[in-house]
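The chain contents come next:
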Amino acid sequence: MKKDAIIDKSRIEPKPNTIVSCRKDGKDNALVVGFASNASLEPSMVMVGIVPTRYSYDMIKDTGKFVVNIPGKDFADEFNYLGTVSGRDEDKLAEINTVDGDIVDAPILTDCPVNFECTVVTSVKPEDGTHELFIAKVEKVHCDEEYLEDGIIQWDRIDLL
């Protein structure tokens, strides 16, 4: 028998654990994003939801560029750190390995097995919602070669967080 669940405590699960990295005026940052999904197949697009009070929000809103980094379980400590500290208070990427994106001006977290370089095409802030939803075109996908077969990511081989 089904019973009613509490609406504001219920979410679609499992959700992907994602880290969104960005850059503005030479300053890099990254934040854990709980709302992320595919948004289109052709062209390939993703959606990330970010609360407007977050430090990275204005960076992404102003530049329209970001990278979605998909962490493995071996990145759990860094994931927890990035989700609990604000870039307003410290350089969150000082001890995390990064390289510049090939296409977008944002850092790639190289210890995450998959990274999506993205350019915002539109965003929407639902009137009563908590997050602004950024829909972005995937410009390039990076993947550790051990998880690729004929250029296709083999998600079942990755020990995702």
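In what follows, the accompanying structure is described.

Reading the values: rules and limits
Residues numbered from 1 in each chain as written. Predicted model: local features only at pLDDT ≥ 70, side-chain atom pairs only at ≥ 80, totals over all residues. Heavy atoms only, no water. Core = buried A, V, L, I, M, F, W, Y, C linked by side-chain atoms within 4.5 Å. Buried < 20%, exposed > 50% of the residue type's maximum accessible area, 1.4 Å probe, protein only. Helix = DSSP H or I, 4+ residues; strand = E, 2+ residues; numbered from the N terminus. Contact = heavy atoms within 4.5 Å. Salt bridge = Lys/Arg side-chain N within 4 Å of Asp/Glu carboxyl O. Patch = residues over 30% accessible without salt bridge, like charges linked within 9 Å, V, L, I, M, F, W, Y side chains within 5 Å. Areas by Shrake-Rupley, 256 points an atom, 1.4 Å probe, with all protein chains shown as cover. Lys, Arg positive; Asp, Glu negative; His and termini not counted. Charge placed at Lys NZ, Arg CZ, Asp CG, Glu CD. Pairing = 2+ DSSP bridges. Axes fitted to C-alpha atoms, helices over the stretch in contact; angles between N-to-C directions.

**Notes on the nonpolar core**
In a soluble, globular protein the nonpolar side chains are often hidden away together inside.
In step 1: One finds V20, V48, I50, F66, V68 and C118 to be the most contacted residues of the largest nonpolar core, which totals 24 residues.
In step 2: Of all the secondary structure elements, the ones that give two or more residues to this core are β1 (18-24), β2 (27-33), β4 (45-50), α1 (55-63), β5 (65-70), β8 (114-124) and β9 (132-143).
In step 3: A per-element tally of this core places β9 first, with four residues.
In step 4: Not counting residues within four places of it along the chain, the set of residues in contact with V20 comprises N29, A30, L31, V33, V48, I60, F66, V67, V68 and N69.

**Comments concerning the environment of V141**
In step 1: The topology assignment puts V141 in strand β9.
In step 2: In sequence terms V141 and P52 are 89 residues apart; their C-alpha atoms lie 26 Å from each other.

**Examining the pattern of salt bridges**
In step 1: Within this structure, the stated rule accounts for eight salt bridges.
In step 2: In this structure, the salt-bridge partner of D102 is K140, at a minimum N-O distance of 2.6 Å. Of this pair, D102 sits in the loop between β6 (98-100) and β7 (107-109) while K140 sits in strand β9, and the two are 38 residues apart along the sequence.
In step 3: The network of salt bridges with shared partners includes R23, D28, D100 and D105.

**A short note on α1**
In step 1: Turning to α1, its buried residues number three or more, namely S56, Y57, M59 and I60.
In step 2: Considering only its buried residues, α1 is in contact with β1, β2, β4, β5, β8 and β9.
In step 3: At the exit of α1 stands G64, carrying a positive phi of roughly 70 degrees.

**So, a negative patch on the surface**
In step 1: A cluster of acidic residues, D89, E90, D91 and E95, forms a negative patch at the surface.
In step 2: Within the fold, E90 resides in the loop between α2 (76-84) and β6.

**Considering the sheet that holds β8**
In step 1: The strand order across the open sheet formed by seven strands is β2-β1-β5-β8-β9-β4-β3, and the pairing between neighbours is antiparallel. Every other strand in the sheet has two partners, leaving β2 and β3 (35-40) as the edge strands with one partner each. Ignoring which end each strand starts from, the neighbouring axes of this sheet average 35 degrees apart.
In step 2: Where β1 and β2 come together, seven bridges link them in antiparallel fashion. Bridging from a neighbouring strand, I19 pairs with V32 of β2.
In step 3: Sheet strands in contact with α1 are β1, β2, β4, β5, β8 and β9, and its direction is about 60 degrees off that of β1.
In step 4: Contacts between α2 and the sheet are confined to β1 and β2, with β2 contributing the most and set at about 100 degrees to the helix.

**Quick notes on unusual backbone geometry**
In step 1: In this chain, E42 is followed by P43 through a cis amide linkage whose omega measures 0 degrees.
In step 2: The residue P43 is located in the loop between β3 and β4 in this model.
In step 3: You will see that D25, though not glycine, has its phi angle at about 50 degrees, which is positive.
In step 4: In this fold, D25 is placed in the loop between β1 and β2.
In step 5: For D150, which is not glycine, the phi dihedral falls at a positive 55 degrees.

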